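# Topology and contacts: notes
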Amino acid sequence: MTTLFKDVFILDGERKRAQRGHLLVSKGRIQSVLELSETPPAADKIVDGRGHTAVLPGFVNAHTHAAMVLLRGLGEEAPLMEWLQKNIWPVEAKMTAEHIYRGTVSAILEMLETGTTCFADMYFEMDGVAQAALEAGIRCALCRGLVDGPLQPDGTRKIDRAVAENLSLFEKWHGREGLLTVQLGPHAPYTVPLPDMKRIAALAAERGIGIHFHFLEVEWELGYIRDELKLRPEDYLRETGILGVPGAVLAHAVWMDPEWADETDLPRVTIVHNPCSNMKLGNGVMPLDAWLDKNVGLALGTDGASSNNRLDMWGEMRSAALLHKGTGRNPTSTPAIDILRMATFEGARAFGFANKGLIRDGWMADLILVDLDQPHYIGADEDNLAGYIVYAGSSADIRGTMVNGKWLYRDGVFPGLNKEEIMRKAREARNAIVS
Ligand SMILES: [Zn+2]
């Protein structure tokens, strides 16, 4: 099966300018990118862009909790700990594997129609998340959120059980159909005791597994690490062994100082910026502009739909690109093209997905189709397209989302997924857990 994108603008996060030309997809991969002057090759399917369509890599949502779509709207405008303790944790306690599966499938609809081709998910009952991703054909990096808690009735520790579950998820799903990777998911420094965090990091390093966790989302975590754990916050990653893990993904890092990078080696670390969730929860603004000068991975995520409240990576791009210019009073900071790279390639790399997130010969055809034949794209060309995409465009411009060369969303339709049925089941799940 081959698909030809004829006369389109091709843009990814590592191109200085867009290229107008043709793109051939074969057997799930980008086979070739041709100049406009070259004769387009024959193909089974042709998408004629007529010079008014762009092809971009699909977005990688590098930090979310997909099934939290079922908790959207709960505890609006409350502070983080109050929100978690009063509105989120009691409802999560009622969620079954079935609810999480239903919520995730519904979240996948939202993600596909807003151009996401891969999402990194931390939650529980993750077998259902893996199953939902495989059924939809979307890529997913998954981990079990690991937290400590009261002793279990049989005398075992909650976190020990969760770690065992996370390891069996790795055995069962890692690498499955090329769509899934699995990480260990210690929730945060304040929910995972220090000795357990060290043990989890050692396990990850020994077995070659990545780690995905929340780090310094809220300012008081700095005091917690200093006073309760008796560590300088800047030493936490080294002391726990997290820096020795093959890939460590830190969600938020709002309160991590970029100067720490000068005394700590962070090349295997990726920070996931979640601007909308951080703003909505009043957690502050991470200094992205300063991080862009450091040797560290930088990706973009939405966080859960109950703190965003969207799963729309395009909205996240626009917010990230605007936020730091405003707070830094610097219109030259956080360039659109860097934001596009964060929203695509950097997230894929962070979670062990090779050859994804850029438009290169031989790379996987995880692509989105963007309709430029609209008033807000008048004047877009090869040189300014990134700016048009990030500042003028929105996910409403997406006409198609493909993973492995296969359309998962096209012109309002989800081939292979029954939208009405998925929404009906998600509504039932919502009603069952929120009453
Ligand atoms: Zn989160």
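Scoring rules and cut-offs
Residues numbered from 1 in each chain as written. Predicted model: local features only at pLDDT ≥ 70, side-chain atom pairs only at ≥ 80, totals over all residues. Helix = DSSP H or I, 4+ residues; strand = E, 2+ residues; numbered from the N terminus. Expected span 1.5 Å × (residues − 1). Contact = placed C-beta atoms within 7 Å. Buried ≥ 20, exposed ≤ 12 C-beta atoms within 10 Å, placed from the backbone. Pairing = 2+ DSSP bridges. Axes fitted to C-alpha atoms, helices over the stretch in contact; angles between N-to-C directions. Domains from an automatic or database assignment. Parallel < 35°, antiparallel > 145°, perpendicular 65-115°, else oblique. Left-handed = near helix turned anticlockwise from the far one by under 90°. Nonpolar A, V, L, I, M, F, W, Y, C, P; charged D, E, K, R; others polar. Core = buried A, V, L, I, M, F, W, Y, C linked by C-beta atoms within 7 Å.

## Points about helix α4 (residues 158–173)
The end-to-end C-alpha distance of α4 is 22 Å, a good match for the 22 Å that 16 residues give at a rise of 1.5 Å each. Buried positions along α4 lie against α3 (126–136), β8 (139–146), β9 (180–186) and α5 (194–207). The positive-phi residue at the C-terminal boundary of α4 is Gly175, with phi of around 85°.

## Quick notes on the environment of Asp160
Relative to the elements of secondary structure, Asp160 occurs in helix α4. Exposure remark for Asp160: the 14 C-beta atoms within 10 Å place this residue in the partly exposed category. With 36 residues separating them in the primary sequence, Asp160 and Asp196 have C-alpha atoms 8.8 Å apart.

## Some points on the sheet that holds strand β12 (residues 269–273)
As summarised here, the arrangement of the eight strands in space is β6-β7-β8-β9-β10-β11-β12-β13, forming an open sheet in which the pairing is parallel. Of all strands in the sheet, those bounded by a partner on one side alone are β6 (59–64) and β13 (297–300). Ignoring which end each strand starts from, the neighbouring axes of this sheet average 25° apart. Strand direction decides the pairing type here: β6 and strand β7 (residues 116–123), joined by four bridges, are parallel. Counterpart to Thr64 in the pairing with β7 is Asp121. Running at roughly 160° to β8, α4 makes contact with β8 and β9 of the sheet.

## Some points on the domain arrangement of the protein chain
How big an interface is tends to be reported as the loss of accessible area on association of its parts. Domain assignment breaks the protein chain into domain 1 (2–58 + 364–410) and domain 2 (59–350). The gap between the C-alpha centroids of domain 1 and domain 2 is 30 Å. Tallying the contact residues gives 21 residues for domain 1 and 25 residues for domain 2. Looking at the side of domain 1 that touches domain 2, the elements that each hand over two or more residues are α14 (385–392), β15 (398–403) and β16 (406–410).

## A word on the pairing of β13
Alternating positions in β13 separate into two faces, Gly297 and Ala299 on one and Leu298 and Leu300 on the other, with burial throughout. The pairing of β12 with β13 spans four bridges and is parallel. The residue of β13 that forms the bridge with Thr270 is Gly297.

## Let's talk about the packing of helix α2 (residues 97–113) against helix α15 (residues 419–433)
Running from N to C, α2 and α15 cross one another at 135°; their axes reach a closest spacing of 9 Å. One finds that α2 runs oblique with respect to α15. Where α2 crosses over α15, the handedness of that crossing is left-handed. Contact residues: His99, Arg102, Gly103, Val105, Ser106 and Leu109 in α2; Lys419, Ile422, Met423, Lys425, Ala426, Ala429, Ala432 and Ile433 in α15. A breakdown of the residues in the contact of α2 with α15 according to their chemical character gives eight nonpolar, three polar and three charged.

## Section: the nonpolar core
In globular proteins that are soluble, nonpolar side chains generally tend to be buried together. By size, the foremost hydrophobic cluster in this structure holds 138 residues, and its most contacted members are Val129, Ile138, Cys140, Leu142, Leu250 and Met317. With eight residues, the top contributor of residues to this core is α2. Viewed by domain, this core spans two of them, domain 1 (2–58 + 364–410) and domain 2 (59–350), each represented by three or more residues. Excluding residues within four positions of it along the chain, Leu250 makes contact with Phe213, Phe215, Val269, Ile271 and Val272.

## Some thoughts on the environment of Ala66
Mapping Ala66 onto the fold places it in the loop between β6 and α1 (80–92). Separated by 37 residues in the primary sequence, Ala66 and Gly103 have C-alpha atoms spaced 7.0 Å apart. Among all residues touching Ala66, those that are not within four sequence positions of it are Gly103, Thr104, Ala107, Phe119, Asp121 and Val129.

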